[in-house]
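These are the residues of each chain, in order.
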Amino acid sequence: MNERSSRHRTGLPTILALTVAVLAVSSSAPLIAFAAAPALALAFWRNALAAVVLTPITYGPRRSEIVGSSRRTRFFAVLAGLALAAHFGTWMPSVQLGSVTTAAALVATQPVWQGLIAAAQGRRPTLPGWIGIGLAVAGAAWATGADVSVSAQAVFADVLALLGGIFVAVYTALGERARTELSTTTYTWICYGTCAVVLGVVCLAAGLPLAGYDNRTWLAVLGLVAGAQLLGHSMFNFALQRTSATAVSVLALLEVPGAALLAWLWLGHEPRPAALPGVALLLAGVAVFILGAARSSRVPVDPSLAD
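These remarks concern the structure in this document. Note that the coordinates shown come from a computational prediction; the quantities given were computed from them, not determined experimentally.

1. A short note on the packing of aromatic side chains
Then step 1. Counted under the stated rule, the structure contains four aromatic pairs.
Then step 2. Here the aromatic rings of Phe 44 and Trp 45 are separated by 5.0 Å at their centres, their planes lie at 65°, and the arrangement is edge-to-face. You'll find Phe 44 and Trp 45 in the same group, each marked buried.
Then step 3. Their ring planes at 75° and their centres at 5.5 Å tell us that Trp 45 and Trp 218 sit as a pair that is edge-to-face. Taken together, the residues Trp 45 in helix α4 (residues 39–58) and Trp 218 in helix α12 (residues 215–239) connect sequence positions 173 residues apart.
Then step 4. The cationic tip of Arg 216 hangs over the ring face of Phe 34; the distance from NZ or CZ to the ring centre is 4.7 Å.

Next up, the structure:
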């Protein structure tokens, strides 16, 4: 309890980090749609280039941190990288094989799995927390226009998308454990490097091209690295040292309306009017979760607190 309380004392930096993270990851889907490259190849490059950018810092000022951390902590960081690779390897193909809207809705079940993981760890979400999770997931499903298909390929795509939601929950939970000792930079370097190695092997084994793209695609890759990866995922990882994985997972759902807005303004993908109530429901769910968590922690002014 004392460890959890100390992790939740800082309010403003956590709020700013989560705000930046949501805005940054919201650019991911539009950039992937904009790029002319296989989704797994894009996932490889965003992780590999991010790891390269972080290497001078990790092997410079942060090198002693790697050596000084426990083997258990480094193991959790590597496992988180494997889980992140599994997330990219399941969810991104599901978008190509089936319905984009269904895949987005199924991967949005992440907070449900996150709550179950937290419960298994003895940190069961509060009743308002579960209500907020339910509202947020239902809102994400409504906003993305989830539908049901009966074709074998669509069913397979749905299973991949659901696995993608489970793997990203596992990734976040493992990151929460690793961040107890490692700084954001060191943890993300280990995690992104592991993920890049796994995805690189998968791309080579599958014969997916990792080069030969046009300039537009390389610009999209750089945008993914600078935005969704270094600012988005890294800021989520920063917040994991100060709030729970469940809270981060629920707040990450704000990517759904954020991506829709960017796709509308940039790519001309006008949102469906029928999706607007879902966006409102999603936002309401996030608000219920945060306010309920803050009330249970007896710190009503700090929305970065979690169950």
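After that view of the structure, there is still more to cover.
2. Let's talk about the packing of α4 against α12
Then step 1. Where α4 contacts α12, the axes come no closer than 9 Å and their chain directions differ by 60°. α12 is crossed by α4, and the crossing has right-handed handedness. Contacts between α4 and α12 pair Leu 42, Trp 45, Arg 46, Asn 47, Leu 49, Ala 50, Val 53 and Leu 54 from the former with Thr 217, Trp 218, Val 221, Leu 222, Leu 224, Val 225, Ala 228, Gln 229, Leu 230 and His 233 from the latter.
Then step 2. For the contact of α4 with α12, the class distribution of residues is 13 nonpolar, four polar and one charged.

Analysis parameters
Residues numbered from 1 in each chain as written. Predicted model: local features only at pLDDT ≥ 70, side-chain atom pairs only at ≥ 80, totals over all residues. Heavy atoms only, no water. Phe/Tyr/Trp six-rings, centres within 6.5 Å; stacked < 30°, edge-to-face > 60°. Buried < 20%, exposed > 50% of the residue type's maximum accessible area, 1.4 Å probe, protein only. Helix = DSSP H or I, 4+ residues; strand = E, 2+ residues; numbered from the N terminus. Lys NZ or Arg CZ within 6 Å of the ring centre and 35° of its normal. Axes fitted to C-alpha atoms, helices over the stretch in contact; angles between N-to-C directions. Left-handed = near helix turned anticlockwise from the far one by under 90°. Contact = heavy atoms within 4.5 Å. Nonpolar A, V, L, I, M, F, W, Y, C, P; charged D, E, K, R; others polar.

No statement about biological role is implied by the geometric values presented.
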